[in-house]
Amino acid sequence: MTKKERAIEVVRILGEEYGTELHCYLEYEYPWQLLFATILSAQCTDARVNMVTRDLFKKYTSIEDFANADLKELEQDIKSTGFYHNKARNIIGCAQGLLERFNGEVPRDIDDLITLPGVGRKTANVVRGDYYGEPCIVVDTHVKRVSFLLGLTKETDPVKVEYDLMKILPKDAWILYNFQIIAHGRSTCIAGRPKCEACVLRGCCKNAKK
């Protein structure tokens with residue numbers, strides 16, 4: 001089985017096991033909320049971010065509110081997400097950048113998105129895929145780890161993993177792959193204690209065969 005054939009089989013099995021309905025784990029109503037929530041999600045669980053943003057988005061109801069936010073106050077508002085000094089500074093800077101350079105609209109082009117403070121390829125692709133429906137692959141910790149174990153990439157750098165997966169995964173599966181791998185990583189291929197004996201992907205997983 002070639003790497004591309006393995007990738008296609010992985011996609012087929014994931015679809016059967018976890019479905020093909022898109023599901024964003026972060027709660028949001030507007031694209032800028034998704035953008036800020038994704039910035040907050042770095043080194044933090046989606047569940048914790050959702051707990052914080054439920055109050056945060058009631059207090060700050062617009063991009064302008066975040067652009068004009070007091071840094072110290074915002075730090076306290078998001079403290080439980082961790083790394084709150086950098087996250088607060090990036091969110092304020094990101095909000096200001098959206099207003100000053102993009103007329104308050106969240107751009108869909110990745111080259112525009114990654115010019116904003118705190119926005120790398122992962123964050124940009126979350127917005128592009130979840131909100132705009134642009135085919136893209138989000139490489140988070142689950143995608144990087146499970147894809148490596150499956151033998152779909154030998155890379156550990158997220159950007160290199162992204163490009164490896166783009167070469168072998170069907171384009172119409174790019175967005176879904178992230179949701180499905182997150183579900184699989186949380187339920188079965190758990191970091192440090194994978195349930196290989198119960199894994200639906202064990203037949204095409206290089207690590208399981210070892």
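Above: the structure in question.
Presented here is a report on the structure given in the accompanying data block. (Residues numbered from 1 in each chain as written. Predicted model: local features only at pLDDT ≥ 70, side-chain atom pairs only at ≥ 80, totals over all residues. Heavy atoms only, no water.)

## As for the environment of phenylalanine 102
Note that phenylalanine 102 resides in helix H6 (residues 84–102). Residue phenylalanine 102 is classed as buried on the basis of its relative accessible area of 17%. Between the alpha carbons of phenylalanine 102 and aspartate 112 there is a distance of 9.0 Å; along the sequence they are 10 residues apart. If we ignore the near neighbours within four places in the chain, the residues touching phenylalanine 102 are Gly97, Pro107, Asp112, Thr115 and Leu116. (Helix = DSSP H or I, 4+ residues; strand = E, 2+ residues; numbered from the N terminus. Buried < 20%, exposed > 50% of the residue type's maximum accessible area, 1.4 Å probe, protein only. Contact = heavy atoms within 4.5 Å.)

## Some remarks on the pattern of salt bridges
For the coordinates displayed, the defined rule picks out nine salt bridges. A salt bridge links lysine 59 to glutamate 73; the shortest N-O distance between them is 2.7 Å. One end of the pair, lysine 59, is in helix H3 (residues 46–59); the other, glutamate 73, is in helix H5 (residues 71–77), and 14 residues separate them in sequence. Judged by its relative accessible area of 41%, lysine 59 falls in the partly exposed class. (Salt bridge = Lys/Arg side-chain N within 4 Å of Asp/Glu carboxyl O.)

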